[in-house]
Amino acid sequence: MAPQSTRCSSIIEESRDGDKSDFSFQVLSSVVQFHDFNIGDMSSVKKLAVKALAFLYPRLVDNYLHPKLAAKTPELPQDILLLQQTPCLLYTSESAGAMAMGLYSLAEKKAYTLTLPDPPICSRHIIGSSYGWIITADERSELHLLNPITGEQIDLPSVTTIEQVKPIFDDAGAICSYEYSWYSGDHVESDTPSIFVVSELRDLLFHKAFLSSDPSMGDYFVVVIHNPHAQLSFGEIHEFDLGAPAATQKITFGKVKNCNFETIYMVQASCGELLQIWRDENLAEGDEDDESDSDPDHRTRVYITSFKVHKVEPTSKTLVEMSSLGENVLFLGKNRSLCLSAAEYPQLKANHIYFSDDNELITGFKYTRRDIGVFDMENNSTEEIVSPQLWSNWPAPVWLVPNPRRRSSLCC
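Residues numbered from 1 in each chain as written. Predicted model: local features only at pLDDT ≥ 70, side-chain atom pairs only at ≥ 80, totals over all residues. Heavy atoms only, no water.

1. Focus: the pairing of strand E2 (residues 100–105)
Across the 6 residues that make up E2, a large majority, 6, are buried. The two faces of E2 match: Ala-100, Gly-102 and Tyr-104 on one face and Met-101, Leu-103 and Ser-105 on the other face are all buried. Judged from the 4 bridges that link them, strand E1 (residues 88–91) and E2 form a sheet pairing that is antiparallel. Bridging across to E2, Tyr-91 finds its partner in Gly-102. Both E2 and strand E3 (residues 110–115) contribute to a ladder of 6 bridges, which runs antiparallel. Looking across to E3, one finds that Met-101 is bridged to Leu-114. In textbook terms, the turn of a hairpin is the stretch between consecutive antiparallel strands, and for E2 and E3 this stretch comprises 4 residues, one of which, Lys-109, has a positive phi near 55 degrees. (Buried < 20%, exposed > 50% of the residue type's maximum accessible area, 1.4 Å probe, protein only. Helix = DSSP H or I, 4+ residues; strand = E, 2+ residues; numbered from the N terminus. Pairing = 2+ DSSP bridges.)

See the structure below:
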């Protein structure tokens, strides 16, 4: 039998005389995964993938990838350069240090280490993950976008652009604290503003953030769900008809329940249906807070997490509870909610929910073991992602779909 690299190289060589654009990434993906070969050294497969991409799409590596990424490819998950990257768990750990994060690949069941730029990632709050970028809040409560794969970072507009936040300056003209007003669009919790030092505001203000699109590909905007009262949280679903002579709007689905004690996610299924998922967290029996500990950060909590999945019926404006996800797989947490097909991602478990901790009280219990796992819809049970735990409890881990594209070459 010919060596595997020879057979794959021959496929690449044969494309020289044809139209390179016809040689799709899906074909390359099947070649690299080697379904028909007995692979011994996966690192050679990764190197071949980069070589194939560089030949078939000469500007791909130069334009899309970080200059040093191709050389580092063997140190990253094997599907990092392919169209359909499997979600990974991004986390901090003492062993990685303050300037690095761990990346646990579900596809390979293997951990990698990524070195990141300042400010130190361990000093930040992670409030979102979308399109391979994470949204972080630094020690001055300012927001940044960061692509952990390429190392690119984008500073977002100041936190003082949020209506309820006003800066307070010291004698030197530097911001020393913030005035925070307790009102939302339809509710005033208090007429008296509170004063927070710059590092404390983020604990209270930010709940979650996500992106409208991939910053690597062009224009985008950031949506921040923030307090008071989780403004911009999902309440009603609006539909816009942009094809009509005049754009029309209608409420597809109104507010359906009080979610003071549950977290609600909205996600589009792979078949196009809209799903609403309720996440319920209850303290484990006998696991109450230790009030003798004066530092709430060091009080421990263990939760029992369960999920209910509903299909949204837009015509009748009702919810229909589903007992099974079928071949679908959900990823929920601080990330942009995802619904994937296990048929396209065979490394994932069908009819399961992969979840990370996004409890709104998370900043008050930074040293508590994080609520992370895989929920089986069939028997309502939860299993661990990996044991023993690889990550530190703070900042809380988040799901990430690795994105190797560079922004600078496409968006300058």
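2. Here we look at the sheet that holds strand E20 (residues 338–341)
One open sheet holds the 5 strands; their spatial order is E20-E19-E21-E22-E23, and the pairing between them is mixed. Only two strands of the sheet have a single partner each, and these edge strands are E20 and strand E23 (381–383). For this sheet, the mean inter-axis angle between neighbouring strands, taken without regard to orientation, is 25 degrees. Relative to strand E21 (residues 352–355), strand E19 (residues 328–332) is paired through 4 bridges, and the arrangement is parallel. Across the sheet, Leu-330 pairs through a bridge with Ile-353, a residue of E21. (Axes fitted to C-alpha atoms, helices over the stretch in contact; angles between N-to-C directions.)

3. Some words on the packing of aromatic side chains
Overall, the coordinates contain 8 aromatic pairs when judged by the stated rule. Measuring from centroid to centroid gives 5.1 Å for Phe-331 and Trp-399, while their planes differ by 85 degrees, and the two rings are edge-to-face. Of this pair, Phe-331 sits in strand E19 while Trp-399 sits in strand E24 (residues 398–400); the two residues are 68 residues apart in sequence, bridging distant segments of the chain. For Phe-331, a relative accessible area of 0% puts it in the buried group. (Phe/Tyr/Trp six-rings, centres within 6.5 Å; stacked < 30°, edge-to-face > 60°.)

4. A closer look at the sheet that holds E24
If you walk across this open sheet you meet the 4 strands as E3-E2-E1-E24, and the pairing is antiparallel. The outermost strands of the open sheet, each flanked by one partner alone, are E3 and E24. The mean angle between the axes of side-by-side strands here comes to 35 degrees, regardless of whether they run parallel or antiparallel.

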